[in-house]
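Commentary on secondary and tertiary structure
Residue strings, one per chain:
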Amino acid sequence: AIATSYQSRLFDIIQPSQTTPETLYFNGREAAQLALLQDALQPQALNHLQQALRSANHSPAITVLLHGHPGTGKTASVLQWARQSERAVLRVEIEQVRSKWLGESERNLRRIFDDYESACREYAQLPILLFNEADALFSKRITVERSVDQIHNNLQNLLLQALEDFQGILVATTNLARQMDAAFDRRFLYKVEFNRPEKQ
């Protein structure tokens, strides 16, 4: 059964039934990598993969970075994976996270991961936590010159710790991977670069 009443002000919740089946076309290299991910997210395959990760003393989290040119199918891929594996997508509304009020952004970020854990208990299949345009949150730490700079760095540190403790499925998409902090880059289990479509 799929929970339909779950709500969070920090997520746009997309049920698998809301996504229209769509055939997506990719260059050969990307197509092969994305097919592996699509297969890995099927319920039985995911259970085996997470068991294998635990057996190797790794985190069972499935963390994926999709990066590259805009309009090449990063978000569309996630929605199709979710539809095919009957998973909800919890798409983070980045503008809802950042706040001008002291401490509010940090509370919002903690709540994203708390709400995701709550959602995991509500759904039959692990939902996908999706950070679209992730560079807005995963960007490089900066030299502190103003209080807003300190808030930015606090968010980075909180996010790094949250990823360390994460147990579910997280996908981040970005057109600006070079702006992401190297510490985040190391925390993604899978990374797929989307290049411009080849002629064929």
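Look above for the structure.
The structure reproduced in this document is the subject of the present report. (Residues numbered from 1 in each chain as written. Predicted model: local features only at pLDDT ≥ 70, side-chain atom pairs only at ≥ 80, totals over all residues. Heavy atoms only, no water.)

**A look at the sheet that holds strand E2 (residues 62–68)**
Selection criterion: We treat two strands as partners when DSSP finds at least two bridges between them. Secondary structure elements are taken from DSSP: a helix is a run of H or I of four residues or more, a strand is a run of E of two residues or more, and numbering for both begins at the N terminus. The axes are straight lines fitted to the C-alpha atoms, using for helices just the contacting stretch, and the angles between their N-to-C directions are given from 0 to 180°. Only heavy atoms matter for contacts: two residues are in contact if any of them lie within 4.5 Å across the pair.
In space, the six strands of this open sheet follow the order E1-E3-E4-E5-E2-E6, with mixed pairing throughout. Only two strands of the sheet have a single partner each, and these edge strands are strand E1 (11–14) and strand E6 (190–194). When strand polarity is set aside, the average angle formed by the axes of neighbouring strands in this sheet is 20°. Strands in contact with helix H1 (residues 28–40) are E2 and E6; relative to E6, the strand with the most contacts, it is inclined by about 145°. Those strands touched by helix H3 (residues 74–85) are E1, E2, strand E3 (89–92), strand E4 (128–131), strand E5 (169–174) and E6, and its axis lies near 145° from that of E2.

**With respect to helix H5 (residues 104–122)**
We count it as follows: Expected span, for any helix, means 1.5 Å times one less than how many residues it has. Under the scheme applied here, a residue whose accessible area is under 20% of the maximum for its type counts as buried, over 50% as exposed, and between as partly exposed, the area being computed with a 1.4 Å probe on protein chains only.
Here H5 spans 26 Å end to end across 19 residues, near enough to the 27 Å set by a 1.5 Å rise per residue. For H5, every residue scored as buried is listed here: Ser105, Glu106, Asn108, Leu109, Ile112, Phe113, Asp115, Tyr116 and Ala119.

**Observations concerning the side chain of Asn27**
Mapped onto the elements of the fold, Asn27 is located in the loop between E1 and H1. Each residue touching Asn27, except ones within four places of it in the same chain, is listed here: Asn195, Arg196, Pro197 and Glu198.

**What to know about helix H2 (residues 43–55)**
It helps to recall that an α-helix has 3.6 residues per turn; residues three or four apart then point in one direction. Rules: What the arc describes is the spread of directions from the helix axis to the C-beta atoms.
With 13 residues, H2 ought to run about 18 Å at 1.5 Å a step, and its terminal C-alpha atoms sit 18 Å apart, in line with that. Every buried residue of H2 is listed here: Leu46, Leu49, Gln50 and Leu53. Taken end-on, H2 shows its buried residues confined to a sector of 95°, consistent with a single buried face. Looking at H2, the residues exposed on the side facing more than 90 degrees away from the buried face are Gln44 and Ser55. Next to the buried residues of H2 lie H1, E2, E5 and E6. Just past H2, the residue Asn57 takes up positive phi, approximately 60°.

**Description of the packing of aromatic side chains**
To keep it simple, the criterion reads: Two aromatic rings, drawn from Phe, Tyr or Trp (for Trp, its six-membered ring), form a pair once their centres lie within 6.5 Å of each other, and the interplanar angle then sorts them: stacked below 30 degrees, edge-to-face above 60, tilted otherwise. Charge-over-ring placement is defined geometrically: NZ (Lys) or CZ (Arg) within 6 Å of the ring centre, and within 35 degrees of the ring normal.
Applying the stated criterion across every chain, the model contains four aromatic pairs. Residues Phe26 and Phe194 carry aromatic rings whose centres are separated by 5.8 Å and whose planes lie at 80° to one another, so their mutual orientation is edge-to-face. Of this pair, Phe26 sits in the loop between E1 and H1 while Phe194 sits in strand E6, placing them 168 residues apart in sequence. Note on Phe26: relative accessible area 25%, which makes it partly exposed. Overall, Phe194 belongs to the buried group, its relative accessible area being 1%. With a centroid separation of 5.9 Å and 85° between ring planes, the pair formed by Phe113 and Phe166 is classed as edge-to-face. You can see Phe113 sitting in helix H5 and its partner Phe166 sitting in the loop between helix H7 (147–165) and E5, a full 53 residues away along the chain. Grouping residues by exposure puts Phe113 and Phe166 together as buried. Taken together, the ring pairs in this structure connect Phe113, Tyr116, Phe131 and Phe166 into an aromatic cluster. Stacked on the ring of Phe194, the Lys or Arg Lys74 has its end atom at 5.9 Å from the ring centre.

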